[in-house]
Every structure is written in C-alpha cells, then in structure tokens.
Amino acid sequence: MGTDGRERIAADGSGSTEETSSEERARERIVQLRSIIIRHNELYYNADQPEISDADYDVLANELRRLEAEFPEFITPDSPTQVIGGVGSAQFSAVTHLQPMMSLDNVFDAEELERWWKRNERLLGAEAAGGVRFVCELKIDGLAMSLLYRGGRFERAATRGDGRIGEDVTENVRTIASIPKQMVHSNSDSSRADTPGMLEVRGEVFMPREAFEALNSRRREAGEPIFANPRNSAAGSLRQKDPLITASRELSFLSYQLGATPGGPEFSSHADTLSFLADAGFPVSPEIRVVDSLSEVITFCTHWQHHRNDLPYDIDGAVIKVDSLRLREELGNTAKAPRWAIAMKFPPEERTTLLKAIEVSIGRTGKATPFAVLEPVFVGGSTVSMATLHNEDQVAVKDVREGDTVIVRKAGDVIPEVVGPVLALRPEGLAPWTFPDNCPVCQKPLIRPVGESVHRCTNGDCPAQSLARIAHFGSRGALDIEGLGERTVQTFLDVGLIETVADVYELKNRIDRIGQIEGFGGVSIQNLLAAIEASKTRPLGNLLFGLNIRHVGATIGQTLAKAFGSMDRLANASADEIAATEGVGGVIAASVAEWFAVPENRDTIDRLRAYGLNFEGPAAPSAPQTLTGMAIVVTGSLAGFSRDGAEEAITSRGGKSPRSVSKKTTAVVVGNDPGAAKVTKAEELGIPILDEAAFEALLETGQLPT
C-alpha cells in the first residue's frame with residue numbers, strides 16, 4: 001500500500017479487521033456515509049426536521065469528500081458529492097429550472113480561501129487574475145429561491161431542489177411582502193429600463209429573528225412544538241398547504257443573483273446585475289461589498305464573523321464571487337459548484353450533542369437554575385460542556401430529558417443554551433425531568449413562589465448562596481476587587497476566612513492565615529489587599545448593585561444612588577418613596593425596602609460603614625444638562641471616548657444612552673466598525689446619524705446638526 005495515507009482510514013465500526021484492506025474499509029465507509037447523508041438531506045430539504053446541525057452535517061460531508069478524493073474509483077454519479085441539494089416532495093409540483101441552481105463549495109478559514117483562489121489563478125493565468133475584483137455577500141441561513149418574471153410580472157417561484165428540479169411554491173411565496181409582484185424601473189439607462197420578456201431572479205427566503213421569536217412565542221402559548229431555528233421555521237412556512245399560514249409567518253427575501261435572462265440586458269459584472277435588481281425593485285442586501293483584493297475579502301469575512309449577531313437575521317458565513325462575468329465563464333463549474341464562487345463558513349453556532357444530565361445551580365439570591373451537562377462540543381467558537389435551561393417551565397416546554405441528543409446554540413458571547421431535543425434520536429424509555437424538592441448543596445427545601453417561574457433555596461446560609469454573593473460583590477460591575485474571583489472565594493469559605501461580604505474587609509487582619517494557603521504568596525496577597533482597599537471608593541451605585549438586593553441590577557443601583565444621594569436616605573425610605581423614583585417600579589421598590597428591613601442586612605451596612613466604604617451618592621451634575629429628554633445610541637468605537645466614557649458623557653448631561661435603536665431614539669452616533677443592524681434601523685426610522693465631531697457638538701450645544 002505504500003505510505004500514501006490510505007491505510008489510515010478510520011474503521012468506525014465498519015468491517016475493520018487487520019485482514020481487511022484499506023480500500024475495502026474506505027469503500028464500506030463511503031457507502032455508509034452516503035446513506036447517512038442522503039437520509040439527512042431528506043430530513044433537511046423535504047421534511048424540515050433535521051436531526052443534526054449544519055456543522056455536524058458538514059463533518060460528514062467533508063469526510064465523504066476526503067475519502068472520495070483519496071479513492072476516486074469509488075465515486076458514483078448518485079453520490080451526494082456529485083448532486084446538488086435535496087430532492088422534491090410529493091406535496092408540490094415539480095419545476096425544471098431554466099439554468100441549474102448549483103451548490104457552493106465551502107472553506108472554513110483564510111488559508112483554505114487562499115488555496116481556492118490560487119487554484120483559480122492557475123486556471124486564469126497571472127495576467128488575467130491580477131486585476132480581479134470580488135463581490136462579498138452574507139450567506140443568509142434560509143432557503144434558496146428562484147423567481148420567474150414574464151413581461152415584468154411575477155409568475156412562478158421554485159425551490160432549489162436537486163439543482164435541476166425544484167418545487168413550485170408560487171402561491172406561498174406570493175404572500176412575501178418584500179418580493180415585488182411587478183418589476184419597476186427607475187434607471188435612466190434605456191437599455192436596462194426595457195423590461196425583459198423573461199427574467200429569473202435568485203435569492204434567499206428567510207425568517208427574521210424578531211418574526212421567529214414571535215412565532216415560537218405563539219406556538220408555546222398554543223402548546224405546539226417550537227421551531228429549532230429560523231431556517232427550519234422558514235422552510236416549514238414555505239411548505240404550508242394554506243398560503244394564509246405562510247403569510248402569517250412574516251418571511252422576507254433578499255436577491256443575490258440573476259439567473260436566466262433570455263433576450264434581456266447584457267452585463268459585464270455581477271455588481272452591475274445587483275444594481276439592475278435593486279433598480280427593478282428587488283431587495284438587495286446593503287451589506288454587499290465589492291473589493292479589489294483577497295485581503296479585503298478576509299477583512300469582510302472577519303468583520304461579519306464577529307458582528308453576525310448585529311444583523312436582524314441569521315447568517316452562517318459569507319459568499320465570495322468573482323465580479324467579472326467574462327472571467328466566470330473562463331473558470332466554469334465542477335460537477336456541482338461554480339469555480340468562481342466559494343462560501344466561507346463561520347464557526348457553527350448550533351451543534352448537536354448528548355445531554356448527559358440535568359443539574360441545578362444556586363445563585364446569589366437563592367435562585368435555583370437548571371442547567372444541562374453536555375458531552376463537550378465545539379460551538380460558537382469555543383468548547384461547551386454546560387448550557388442553561390433557564391427554569392422548570394422551559395425544561396417542560398422544550399421537553400429535554402437526560403440521555404437526549406440535543407441542539408446546543410451559542411451565539412457570540414451569549415451563554416450557551418439548549419434549543420431542544422432531536423426527538424427522532426430519543427432512546428425509548430427516557431423519563432421527563434422533574435425539578436428536585438431540595439437544594440443540591442444544603443438539602444433545604446426549594447420553593448417556587450406563587451406567580452414566579454423560578455425556584456429558590458429557602459436557606460439564607462446556603463454555602464452556594466454565600467459563594468455567589470461574595471463573588472458577585474467583588475465582580476467588575478460591583479466593587480471590582482481584582483483577585484477575588486469565584487475560586488478564591490470558595491477557597492476562603494472552605495478554610496473559614498470569610499462568611500459574608502463584610503468579612504472581605506477583615507482579610508487585612510488575616511494575612512498569616514492567607515499565607516498558609518497554597519498558591520498565595522506575598523505579592524498576590526498584597527495585590528488582593530490593595531484591590532480591597534481601592535474598592536472602598538467605588539460609587540454608591542456599584543455598592544448597591546454589589547449587595548445582592550433582588551431585582552437591583554447595575555442600572556437600578558446607579559438610579560437609586562442618584563435619586564437618594566446616600567445609603568442612609570435609601571435605607572430609611574419607604575417602598576412608596578422608592579417607587580416614586582423614575583425607572584423604579586413597585587416590585588423593585590418593595591424588594592429594596594424588604595432588604596433593608598432585615599436585621600442581618602442592617603448589620604452588614606453598619607459594618608461596611610465602619611470599614612469606610614463610600615455611602616454617598618453622585619454629586620450634583622457639573623456638566624450642563626444639554627441632553628435632557630434625549631436618547632442617544634452609540635455604536636462602534638470612537639477616537640475620543642471609550643464605550644463607558646461615551647455613555648457617561650450622555651447621562652451626565654441629562655440624556656439616556658440605550659443599547660438599541662427605537663422610535664424614541666433621538667440620534668445614533670456611529671464610530672468605526674459600527675453595528676450594521678443599528679445603522680440600518682436608524683436609516684429606516686429616519687433617525688439622525690452623527691459622526692464623532694457632530695456628537696461632540698451635540699454634547700456641548702444640545703442641538704442636532706441641520
């Protein structure tokens with residue numbers, strides 16, 4: 001066999017004995033993979049009930065491609081690597097595409113992208129490849145759609161299907177508001193203004209995130225199964241027998257390609273075709289960019305990999321296309337994909353894995369939160385072994401059980417969550433999960449107060465609560481005590497150095513005991529004590545947040561500090577007086593008043609006063625109140641302000657600095673690398689968009705530029 005690597009084929013349980021040749025093992029594995037992939041294609045394209053995530057599917061498809069490349073003698077015409085997309089269902093009539101709707105080959109990093117282009121450079125020659133421009137588009141996670149127009153009027157819509165034959169979904173697609181039913185022309189160029197006799201437009205049908213959340217909310221209320229993701233819900237919506245149901249799902253559409261245009265206008269570049277589509281009334285993504293180099297392509301991909309969650313819809317990568325239509329013809333196609341285009345896939349945000357156990361964690365206020373213990377899986381750019389399940393109701397609605405194969409989602413920096421189970425893979429006999437009666441740490445009862453969705457540990461001295469309370473007290477948003485993380489707090493609790501947040505300020509008198517703990521040397525102890533001393537000067541709002549008062553977050557802490565001006569005034573205020581503060585409702589006010597009424601909490605306040613913590617609120621505003629009544633959203637980085645600095649500049653002048661754009665927003669300040677969704681929404685609502693210079697002028701004068 002030599003050393004060509006063929007003997008390294010993994011057995012995977014498919015006839016792997018020492019006597020079996022590597023070719024035979026490869027053939028058996030290829031047959032197995034084809035069967036698995038064809039089944040998942042049917043589930044994905046026709047049943048809209050995928051059992052695995054796109055990322056897990058890619059692993060199988062890549063393994064099959066790799067094996068067929070190494071053993072080309074086993075390639076067959078019906079292999080999933082040689083055909084496009086899925087197959088049609090009996091529910092809708094078949095449509096033969098005027099031109100094949102090809103799939104795209106995938107790459108997963110910059111190195112693979114560069115290899116793709118080097119292959120094309122060799123085909124084109126150095127001179128032709130030297131001045132190539134690229135069109136960068138977002139790869140929307142939806143369904144590819146072909147729209148046919150005759151005489152400028154919408155006639156037919158078809159899914160991709162197997163690339164040659166799709167499904168006729170015309171009546172359902174007709175309900176999508178963003179798809180024009182009649183082409184329009186505003187371009188002054190008469191050669192393009194003539195409506196072609198026949199025109200095919202290709203694009204993506206998708207469900208915006210907001211519509212997806214609303215749909216699942218309605219389904220939960222009706223006791224119906226929820227959709228796993230917007231792509232699934234869009235597919236299910238398009239395959240409804242009743243177009244009225246499709247219409248209620250708020251689907252959307254973005255065009256990205258001209259298909260067949262017999263007798264239509266001629267173009268020299270893809271960018272020109274997109275301009276034609278926009279001019280004819282078709283929605284085209286505002287995020288598309290035309291660039292002159294592969295390095296700019298990589299910059300585009302890197303940006304959207306980190307900002308994908310700023311968009312109002314899901315994407316799973318970017319699509320890169322050669323702009324010149326002449327060069328596209330020269331490059332041609334493989335059996336199933338164009339050589340002139342490639343999809344750069346981003347790290348998956350959804351994967352499937354085994355839910356090994358459901359356990360319960362206890363938080364700083366006694367809140368008991370169920371979480372999933374998972375077989376570790378790489379998702380959203382990191383390896384995940386635990387994911388939140390929120391509360392008892394969410395576990396019941398999702399119906400996840402120990403032993404299930406589940407879909408796990410992690411979007412950017414968002415905490416991983418379990419989306420739901422893959423019911424088709426559920427082993428027989430799995431029992432529904434029930435919330436435990438007792439705290440897993442202190443064994444005291446867990447109760448669920450009437451009208452609430454969460455359980456709570458009834459033991460205020462529960463070790464888990466003590467750990468969470470003290471760690472929170474030292475966290476960055478509260479007293480910001482560097483070095484007092486959860487692991488250190490747990491160590492100090494274990495050896496009896498601390499029991500409450502006030503005990504943190506006694507640590508300076510216990511240096512000898514700290515020095516006896518492994519890992520604590522002189523420098524680390526002094527750094528910790530210095531951080532504790534510095535925490536005494538933190539603003540009152542930070543202290544209120546750090547005290548673990550239920551419902552008092554960082555913003556409410558600052559609001560109360562500003563409204564009452566001192567710890568003592570707040571501590572002695574009634575619930576009604578607290579509720580009179582703007583932005584503080586009755587529930588929060590009652591919680592604050594109840595906290596200060598507890599003798600143990602009063603004792604904590606007295607001790608913190610004796611240790612010299614700051615009990616006074618912010619001084620009267622020194623900055624002119626030029627932004628009173630205004631709501632200013634900042635997106636992107638500014639040269640003269642940090643994120644917190646820009647927010648402080650706004651709030652200190654009487655304004656509000658919300659994180660999202662709405663009809664109540666006064667203006668949006670845009671810096672470098674802004675959130676595209678915020679800018680787009682501001683444009684849609686007609687909200688003024690300011691650069692940094694205009695922002696500085698607004699801070700000084702309170703006047704928007706005219």
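Residues numbered from 1 in each chain as written. Predicted model: local features only at pLDDT ≥ 70, side-chain atom pairs only at ≥ 80, totals over all residues. Heavy atoms only, no water.

To continue, consider the overall build of the protein. A count of helical and extended segments in the protein gives 26 helices and 21 strands. Its C-alpha atoms give the protein principal-axis dimensions of roughly 85 × 80 × 55 Å. Looking at the protein residue by residue over its 706 residues, the buried ones come to 49%. A total accessible area of about 33,700 Å² is found for the protein, and carbon and sulfur atoms account for 50% of it. For the protein, the centre of its 74 positive side-chain charges and the centre of its 99 negative side-chain charges are spaced 2 Å apart. (Helix = DSSP H or I, 4+ residues; strand = E, 2+ residues; numbered from the N terminus. Buried < 20%, exposed > 50% of the residue type's maximum accessible area, 1.4 Å probe, protein only. Areas by Shrake-Rupley, 256 points an atom, 1.4 Å probe, with all protein chains shown as cover. Lys, Arg positive; Asp, Glu negative; His and termini not counted. Charge placed at Lys NZ, Arg CZ, Asp CG, Glu CD.)

The full count for this structure, using the stated rule, is 13 aromatic pairs. Ring centres of Phe206 and Tyr313 lie 5.1 Å apart, and the angle between their planes is 55°; on these two criteria the pair is classed as tilted. Separated by 107 residues along the polypeptide, Phe206 in strand E7 (residues 198-206) and Tyr313 in the loop between helix H11 (294-307) and strand E10 (315-322) bring together distant segments of the chain. An identical accessibility class is assigned to Phe206 and Tyr313; each is buried. Members of the aromatic cluster, connected to one another through ring pairs, are Trp116, Trp117 and Phe134. When the ring centre of Trp340 is taken as reference, the NZ or CZ atom of Arg328 above it lies at 4.0 Å. (Phe/Tyr/Trp six-rings, centres within 6.5 Å; stacked < 30°, edge-to-face > 60°. Lys NZ or Arg CZ within 6 Å of the ring centre and 35° of its normal.)

This part takes up the sheet that holds strand E11 (residues 341-345). Strand order in this open sheet of 5 strands is E2-E11-E10-E3-E9, and the pairing throughout is mixed. Looking at strand neighbours, the two that pair on one side only are strand E2 (106-107) and strand E9 (289-291), the edges of this open sheet. Here 7 bridges tie strand E3 (residues 134-140) to E10, and the two strands are oriented antiparallel to one another. Of the residues in E10, the one forming a bridge with Cys136 is Ile320. (Pairing = 2+ DSSP bridges.)

Every α-helix carries 3.6 residues per turn, so stepping three or four residues along brings you back to the same face. Taking 1.5 Å per residue as the helical rise, helix H22 (residues 586-597) with its 12 residues ought to reach 16 Å, and the 16 Å between its terminal C-alpha atoms agrees with that figure. Tucked inside the fold, the buried residues of H22 contact helix H18 (540-546), helix H19 (554-564), helix H20 (567-571), helix H21 (575-579) and helix H23 (599-610). (Expected span 1.5 Å × (residues − 1). Contact = heavy atoms within 4.5 Å.)

A word on the packing of helix H14 (residues 463-473) against helix H15 (residues 486-494). Packing of H14 against H15 brings their axes to within 9 Å, and their N-to-C directions diverge by 130°. Classified by the interaxial angle, the pair formed by H14 and H15 is oblique. Between H14 and H15 lies a crossing whose hand is right-handed. Together, Ser466, Leu467, Ile470 and Ala471 of H14 and Glu486, Val489, Gln490 and Leu493 of H15 make up the contact between the two elements. Looking at the contact of H14 with H15 residue by residue, the class counts come to 5 nonpolar, 2 polar and 1 charged. (Axes fitted to C-alpha atoms, helices over the stretch in contact; angles between N-to-C directions. Parallel < 35°, antiparallel > 145°, perpendicular 65-115°, else oblique. Left-handed = near helix turned anticlockwise from the far one by under 90°. Nonpolar A, V, L, I, M, F, W, Y, C, P; charged D, E, K, R; others polar.)

Take the pairing of strand E12 (residues 350-362) next. On any regular strand, side chains alternate: one points to one face of the sheet, the next to the other face. Sheet analysis places E12 next to strand E15 (residues 405-409), joined by 5 bridges and oriented antiparallel. Looking across to E15, one finds that Leu354 is bridged to Thr405. Across 7 bridges, E12 lies against strand E13 (residues 367-379) in antiparallel orientation. Within E13, the residue paired with Ile362 across the bridge is Ala368. The hairpin formed by E12 and E13 contains 4 residues between the paired strands, and Gly366 there has a positive phi angle of roughly 90°.

This part takes up the environment of Gly131. Among the secondary structure elements, Gly131 is positioned in the loop between helix H4 (126-130) and E3. Separated by 541 residues in the primary sequence, Gly131 and Asn672 have C-alpha atoms spaced 28 Å apart.

A word on the confidence of the model for the protein. This prediction gives the protein a mean pLDDT of 86; 92% of its residues lie at or above 70. Here residues 1-19 is a poorly scored stretch, pLDDT under 50, and it has 30 contacts once near neighbours within four places are set aside; other chains count. For the stretch residues 187-193, pLDDT sits under 50, and the model shows 8 contacts to residues farther than four places along the chain or on other chains. (pLDDT = per-residue confidence, 0-100.)

With that settled, consider the side chain of Ser324. By secondary structure assignment, the location of Ser324 is in the loop between E10 and helix H12 (325-331). In this structure the side chain of Ser324 is engaged in a polar contact, spanning 3.4 Å, whose partner is the backbone nitrogen of Arg326. (Polar contact = N/O pair within 3.5 Å; in protein donor to acceptor, adjacent residues only side chain to side chain.)

The strands making up a sheet associate through backbone hydrogen bonding, with each pair oriented either parallel or antiparallel. With parallel pairing, the 3 strands of this open sheet are ordered in space as E19-E20-E21. The open sheet is flanked by strand E19 (632-635) and strand E21 (689-690), the only strands paired with a single partner. Pairing analysis gives 4 bridges linking E19 to strand E20 (residues 667-670), with the strands arranged parallel. Along E20, the bridge assignment pairs Thr635 with Val670.

Enumeration over the complete set of coordinates arrives at 28 salt bridges. We note a salt bridge from Arg209 to Asp314, for which the minimum N-O separation is 2.7 Å. Taken together, the positions of Arg209 in helix H7 (residues 209-221) and Asp314 in the loop between H11 and E10 put the pair 105 residues apart, joining distant regions of the chain. In this structure, the salt-bridge partner of Glu582 is Lys656, at a minimum N-O distance of 3.8 Å. With Glu582 in the loop between H21 and H22 and Lys656 in the loop between helix H24 (643-651) and E20, this residue pair connects regions lying 74 residues apart in the sequence. The pair formed by Glu582 and Lys656 is uniform in burial state, with each residue classed as exposed. A single salt-bridge network, built from bridges that share partners, covers Arg209, Asp314, Glu350 and Arg409. (Salt bridge = Lys/Arg side-chain N within 4 Å of Asp/Glu carboxyl O.)

The next subject is the pairing of E11. The element E11 is extensively covered by neighbouring structure, given that 5 of its 5 residues are classed as buried. Along E11, one buried face is formed by Ala341, Ala343 and Lys345 and the opposite face, lined by Ile342 and Met344, is buried too. Bridging between E2 and E11 involves 2 bridges; their strand directions are parallel. Within E11, the residue paired with Asn106 across the bridge is Ala343.

Helix packing geometry: the angle between the two helix axes and the distance between the axes. Look at helix H3 (residues 110-124) against H11: their axes get within 11 Å of each other, and the N-to-C directions meet at 145°. Crossing hand, H3 versus H11: right-handed. Along the contact surface, H3 presents Ala110, Leu113, Glu114 and Trp117, while H11 presents Leu294, Val297 and Ile298. Considering only residue class, the contact of H3 with H11 consists of 6 nonpolar, no polar and 1 charged.

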